[in-house]
Amino acid sequence: MFDPMETLTFVAAKTEKIALGTCVIDMLFHNLVILGRQFATLDVLSNGRCICGLCIGWSKDEYMVSNVPFENRGARADEFIQVLTRIWTDDIVEFRGRYYNIPASKIGPKPIQKPRIPIYRWVFFQHIFKDCQICGWVAASSSGFFRLYHKRYQDSKRERREGKQTSGDNCTHLS
């Protein structure tokens, strides 16, 4: 089986216009810094065509095999995305959270897209759609809500291109 990030990097070298991204990557099964750097590298090599699609998964067995606690996975995912955003935006990344700790570090490369790579978060519950909207993420779902949030993504992309700040740029925490 091919690694999705390596495959997308290959596709970036062979294309010039199409957006490149993951539908979903089970974020909690990955090293946060390495995944952040892989997405930033893809964004640089594709000249700003990267989309980051993330989910938290649902299978207790997959969590067990990955040696990741199944409990508090929603809070862990929220913190993961906070740190990921800092990796893409801050020159010096420092984070002390409940689940992740990064000492003051220079982490690169930085993505071309500003303020950050668009984040699509795969969700299963209605209340998380509102969280996605508050934070400027695009909510993706198999239940048809995706089309509603795709417009939000297009609008925020246009706003960033025009130099306007979008509502999600200041989101640092979900309660």
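Everything here concerns the structure above.
Residues numbered from 1 in each chain as written. Predicted model: local features only at pLDDT ≥ 70, side-chain atom pairs only at ≥ 80, totals over all residues. Heavy atoms only, no water.

S.K.: How should the pattern of salt bridges be read in this particular structure?
M.R.: If charged atoms from side chains of opposite charge come close, those side chains can pair. Applying the stated criterion to the full structure yields one salt bridge. For the salt bridge of arginine 96 with glutamate 94, the shortest nitrogen-to-oxygen distance reads 3.6 Å. Relative accessible area serves as the criterion here: at 41%, glutamate 94 is assigned to the partly exposed category. (Salt bridge = Lys/Arg side-chain N within 4 Å of Asp/Glu carboxyl O. Buried < 20%, exposed > 50% of the residue type's maximum accessible area, 1.4 Å probe, protein only.)

S.K.: I would appreciate a short explanation of the nonpolar core in the present structure.
M.R.: In this structure, Met27, Leu28, Phe39, Leu54, Phe80, Trp88 and Tyr100 are the most contacted members of the largest nonpolar core, which totals 34 residues. Those elements that provide at least two residues to this core are helix H1 (4–14), helix H2 (32–45), strand E3 (50–55), helix H4 (73–89) and strand E4 (93–96). The greatest single-element share of this core, amounting to seven residues, is contributed by H4. With residues near it in sequence (within four places) discarded, tryptophan 88 still touches Gly36, Phe39, Ala40, Cys52, Lys110, Pro111, Pro115, Arg116, Ile117 and Ile119. (Core = buried A, V, L, I, M, F, W, Y, C linked by side-chain atoms within 4.5 Å. Helix = DSSP H or I, 4+ residues; strand = E, 2+ residues; numbered from the N terminus. Contact = heavy atoms within 4.5 Å.)

S.K.: What is the right way to read the state of the cysteines from this model?
M.R.: Summed over all chains, the structure comprises zero disulfides. With no disulfide of its own, cysteine 52 lies 6.7 Å from the sulfur of cysteine 50, the closest cysteine sulfur. (Disulfide = S-S within 2.5 Å.)

S.K.: Teacher, can you tell me more about unusual backbone geometry here?
M.R.: Glycine aside, a negative phi is what most residues show, and trans is what most peptide bonds show. In this chain, glycine 108 is followed by proline 109 through a cis amide linkage whose omega measures 5°. A cis geometry characterises the amide bond from lysine 114 onward to proline 115, with omega recorded as 5°. When you line up the elements, proline 115 lands in the loop between strand E5 (101–105) and strand E6 (119–122). One non-glycine residue with positive phi stands out, namely asparagine 72, at about 60°. Mapping asparagine 72 onto the fold places it in the loop between helix H3 (60–66) and H4.

S.K.: Please explain H1 as it appears in this structure.
M.R.: Because the α-helix completes a turn every 3.6 residues, residues three or four places apart line up on one side. Regarding H1, the residues found buried are Met5, Leu8 and Ala12. For H1, the angular spread of the buried residues around the axis is 60°, confining them to a single face. Away from its buried face, by an angle of more than 90 degrees, H1 presents the exposed residues Glu6, Phe10, Ala13 and Lys14. Where the residues of H1 are buried, they touch strand E1 (20–21), strand E2 (25–26) and H2. (Arc of directions from axis to C-beta.)

S.K.: Just to check I follow, could you spell out the packing of H2 against H4 for this structure?
M.R.: Axis angle and axis distance: for two packed helices, these are the angle between their axes and the distance between the axes, and together they describe the pair. Taken N-terminus to C-terminus, the directions of H2 and H4 make an angle of 50°; their axes are 10 Å apart at the nearest point. Taken together, H2 and H4 sit at an angle that is classed as oblique. For the pair H2 and H4, the crossing hand works out as right-handed. Contacts between H2 and H4 involve Leu32, Val33, Leu35, Gly36, Phe39 and Ala40 from the former and Phe80, Val83, Leu84, Ile87 and Trp88 from the latter. (Axes fitted to C-alpha atoms, helices over the stretch in contact; angles between N-to-C directions. Parallel < 35°, antiparallel > 145°, perpendicular 65-115°, else oblique. Left-handed = near helix turned anticlockwise from the far one by under 90°.)

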